[in-house]
Amino acid sequence: MNEVKEAKRYYQVKEAAHLTGLTEHTVRNYLNDFNLYVERTEGNHRRLTDETINQLLEVIRLKEEQGYSMKEIRAHLNGELTPRMLEKNEPLKTAIEKRVDELEENLSTKTEEMSSMKEAMEVLMKQNNMLLEQNKEMYEQNRVMHNEIKLLRQEKEAENLRLENYMKALPETAASLDNQRVLDRANDEQKRATELKIRMEARKKAIILWESKPEEERMIKGGFLGLQKIEDKSKREEFIKNYIDEMLLKHIESQSQTSSEDDSKSIS
């Protein structure tokens, strides 16, 4: 069986005044002040619905029984909360205050988390910058060492070439004084070439020995706020120089001892 839909009722302003106990003038004012829903006829006359009549009755109740102001009534009809409504509705007020406390606590927690994350990011950025500086330092050290080795090789090749040229310049006989001078010069060149070779090999070994030393003996504090560890270049060069001098001295002593033994055999 189909249900019969009840027809919607409409009221004139005069009828609305009779139903609510208001004057027609007051009804019109309330309709305008609270922006209540009305429909218009073809002749532009107001027609109120049951819903509008109920809203007018609610306005009367709030004004006369609750003592609401026009502003508070308007807020109530728009679904807004007013201080007076919270005072009249203690459970609602308690619930809202509880929710506000929860939101404030949550905001405080999130703020602390954000602060901790910011501090962690700053620490990571500092560490990253320190690593970048260390990488730059290591790259520069490797570049310098490579150039030094390259230079030593070039010097050794040049010395070998000069020695070879001197040897070719020797005459077939070495009886004359000039030939002896050439031989002496060739010997000097041979000695310089040997010394250069010793220096180059000693430098390689010195670098390896230096790199094998404990970090606290090789590094000093520097960089950002003195937190970065960098290699002590002056100490490194001094160590390498001393090691090379030590190897040269051992070579000279060895040559001197060999020469003394050869002289003893000749005398014998």
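Scroll up to find the structure.
To keep things clear, this report deals only with the structure shown in the data block. (Residues numbered from 1 in each chain as written. Predicted model: local features only at pLDDT ≥ 70, side-chain atom pairs only at ≥ 80, totals over all residues. Heavy atoms only, no water.)

**Topic: the nonpolar core**
Next, step 1: Counting 18 residues, the largest nonpolar core has Val27, Tyr30, Phe34, Leu48, Leu56 and Ile73 as the members making the most contacts within it.
Next, step 2: Every element with two or more residues in this core is listed here: helix H1 (13–20), helix H2 (24–33) and helix H3 (50–64).
Next, step 3: For this core, the element with the most residues is H3, which contributes five residues.
Next, step 4: For Ile73, the contacting residues outside a window of four places in its chain are Phe34, Val59, Leu62, Lys63 and Tyr68. (Core = buried A, V, L, I, M, F, W, Y, C linked by side-chain atoms within 4.5 Å. Buried < 20%, exposed > 50% of the residue type's maximum accessible area, 1.4 Å probe, protein only. Helix = DSSP H or I, 4+ residues; strand = E, 2+ residues; numbered from the N terminus. Contact = heavy atoms within 4.5 Å.)

**Observations regarding the pattern of salt bridges**
Next, step 1: For the structure shown, the criterion picks out 16 salt bridges.
Next, step 2: Of the charged contacts in the structure, one is a salt bridge between Arg162 and Glu159, with a shortest N-O distance of 2.0 Å. Placement of the pair is Arg162 and Glu159 together in helix H6 (residues 90–169), with a separation of three residues, close to one helical turn.
Next, step 3: Assessed through its relative accessible area of 12%, Glu159 is described here as buried.
Next, step 4: Of the charged contacts, one joins Glu195 and Arg199 as a salt bridge, the two residues approaching to 3.3 Å between their closest N and O atoms. A residue pair is termed a helical-turn pair when its members lie 3 or 4 positions apart in one helix, as Glu195 and Arg199 do in helix H7 (residues 177–211) at four residues.
Next, step 5: Judged by relative accessible area, which is 32%, Glu195 ranks as partly exposed.
Next, step 6: Among the charged side chains, a network of salt bridges with common partners joins Glu148, Arg203, Arg236 and Glu237. (Salt bridge = Lys/Arg side-chain N within 4 Å of Asp/Glu carboxyl O.)

**Section: the packing of H3 against helix H4 (residues 70–77)**
Next, step 1: Running from N to C, H3 and H4 point in directions that differ by 135°, and their axes come no closer than 10 Å. Classified by the angle between their axes, H3 and H4 sit oblique to one another. Regarding H3 and H4, the two cross each other, and that crossing is right-handed. On H4, the residues that touch Glu58, Val59, Leu62 and Lys63 of H3 are Ile73, His76 and Leu77. (Axes fitted to C-alpha atoms, helices over the stretch in contact; angles between N-to-C directions. Parallel < 35°, antiparallel > 145°, perpendicular 65-115°, else oblique. Left-handed = near helix turned anticlockwise from the far one by under 90°.)

**Description of the packing of aromatic side chains**
Next, step 1: In the structure shown here, the tally under the stated rule is two aromatic pairs.
Next, step 2: An angle of 55° between the planes, with centres 5.6 Å apart, marks the rings of Tyr30 and Phe34 as tilted.
Next, step 3: Residue Tyr30 is classed as buried on the basis of its relative accessible area, which comes to 9%.
Next, step 4: When the centroid spacing of 5.7 Å and the interplanar angle of 45° are considered together, the rings of Trp210 and Phe239 count as tilted. Taken as a pair, Trp210 in helix H7 and Phe239 in helix H9 (residues 233–267) lie far apart in primary sequence, 29 residues in all.
Next, step 5: Trp210 sits in the buried class, given a relative accessible area of 1%. (Phe/Tyr/Trp six-rings, centres within 6.5 Å; stacked < 30°, edge-to-face > 60°.)

These figures capture arrangement, not role.
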